[in-house]
Amino acid sequence: MSRKAEYNRKKMIQRIQSLYLLVVAALMAVTLFAPLAWFGVDGEQLTLHAFSLESTTGEAVRTPVWTGLLLLVSCVLPLVILFLYKRRMVQLRLCVVELVLLVGCLAMLAFAYFWGHAEVPRQGMKPAIALPLVCLVFTALAARAIFRDELLVRSVNRIR
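Residues numbered from 1 in each chain as written. Predicted model: local features only at pLDDT ≥ 70, side-chain atom pairs only at ≥ 80, totals over all residues. Heavy atoms only, no water.

Asker: Give a detailed account of the state of the cysteines, specifying residues and quantitative values.
Answerer: A complete count under the given rule lists zero disulfides for this structure. For C75, which is in no disulfide, the shortest distance to another cysteine sulfur is to C135 and amounts to 8.7 Å. Residue C75 is classed as buried on the basis of its relative accessible area of 11%. Take C105: it sits in no disulfide, and the sulfur closest to it among the cysteines is that of C135, at 9.0 Å. Look at C105 and you get buried, because its relative accessible area is 1%. (Disulfide = S-S within 2.5 Å. Buried < 20%, exposed > 50% of the residue type's maximum accessible area, 1.4 Å probe, protein only.)

Asker: Break down the sheet that holds strand β5 (residues 122–125) for me, with residues and values.
Answerer: On the basis of which strands lie adjacent, the open sheet formed by five strands has the order β4-β3-β2-β1-β5 and antiparallel pairing. The sheet is open, and its two borders are formed by β4 (60–62) and β5, each paired with just one other strand. Sheet topology places strand β1 (residues 37–41) next to β5; four bridges connect them, and they run antiparallel. Bridge pairing in β5 places W38 opposite G124. Here helix α4 (residues 88–115) sits on the sheet in contact with β1, β2 (44–48) and β5, set at roughly 155 degrees to β5. (Pairing = 2+ DSSP bridges. Helix = DSSP H or I, 4+ residues; strand = E, 2+ residues; numbered from the N terminus. Contact = heavy atoms within 4.5 Å. Axes fitted to C-alpha atoms, helices over the stretch in contact; angles between N-to-C directions.)

Asker: Explain the nonpolar core residue by residue, including any values.
Answerer: Counting 23 residues, the largest nonpolar core has L21, M28, L71, I81 and C95 as its most contacted members. Apart from residues lying up to four places away in sequence, M28 is in contact with L71, S74, C75, L102, C105, P132 and C135. A37, F39, L48 and I129 belong to the second-largest nonpolar core, a separate cluster that totals 13 residues. (Core = buried A, V, L, I, M, F, W, Y, C linked by side-chain atoms within 4.5 Å.)

Asker: Before we move on, could you go through the side chain of T67 and cite the residues and values that matter?
Answerer: With respect to the secondary-structure elements, T67 resides in helix α3 (residues 65–82). Accessibility expressed as a relative area gives 9% for T67, which makes it buried. Residues contacting T67, with those up to four places away along its chain left out, are A50, M108 and L109.

Asker: Describe the packing of aromatic side chains, and please don't skip the residues or the numbers.
Answerer: If you walk through the whole model with that rule in mind, you get one aromatic pair. Ring centres 5.9 Å apart and planes at 45 degrees place the aromatic pair Y20 and F138 in the tilted group. With Y20 in helix α2 (residues 15–33) and F138 in helix α5 (residues 131–159), this pair connects stretches of sequence that are 118 residues apart. Looking at Y20, the relative accessible area reads 19%, which means it is buried. (Phe/Tyr/Trp six-rings, centres within 6.5 Å; stacked < 30°, edge-to-face > 60°.)

Asker: Describe the packing of α4 against α5, naming the residues involved and giving the relevant values.
Answerer: In contact at an axis separation of 9 Å, α4 and α5 are set at 165 degrees when each is read in the N-to-C sense. Here α4 lies roughly antiparallel to α5, going by the angle between them. In terms of crossing hand, the pair formed by α4 and α5 is left-handed. (Parallel < 35°, antiparallel > 145°, perpendicular 65-115°, else oblique. Left-handed = near helix turned anticlockwise from the far one by under 90°.)

Asker: Kindly report on the pattern of salt bridges, identifying the contributing residues and their values.
Answerer: Where charged atoms of side chains with opposite charge meet at close range, the side chains can pair. Under the definition given, this model contains two salt bridges. The residue R88 makes a salt bridge to E150 at a minimum N-O spacing of 2.9 Å. With R88 in helix α4 and E150 in helix α5, the pair connects residues that are 62 residues apart, well separated along the chain. The burial state of R88 is the same as that of E150; both residues are buried. The residue E150 makes a salt bridge to R154 at a minimum N-O spacing of 2.9 Å. With E150 and R154 both in helix α5, this residue pair falls four residues apart, about one helical turn. Take R154: its relative accessible area is 47%, and that puts it in the partly exposed class. (Salt bridge = Lys/Arg side-chain N within 4 Å of Asp/Glu carboxyl O.)

By themselves, these figures tell us nothing about what the structure is for.
Here it is as structure tokens:
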């Protein structure tokens, strides 16, 4: 097999995990900018975003910076993984790092929702708060596809 044919085959193998990683990056970008939850406090409604807890007037009541930074890193890392297509084992390791980051995002969002405002009588979730869980599934699928590609390339190299 010529080098060009092998390169095209390797590039073609990478397509499905590229789609998975693009979906993860897009969903995490939505999570960064969409409202995540709301809280009713003393007749006023507060909205939780990635980088702030805002009142109805748009005034920032509190800034959960660590949650926002974790969500931002979880949004950028899939794009970094996507461009490392020639180094599949590094991609696989970074997918595991992304999985850990997403679990951390879920833990911080759960803390902000359930324990951060335990005294609030009224609260509700917005759909965007569940997107890191969906991204967790897509990242696991991407890692699985990358691992399969690595096994396929190793088996082809063994045959030569």
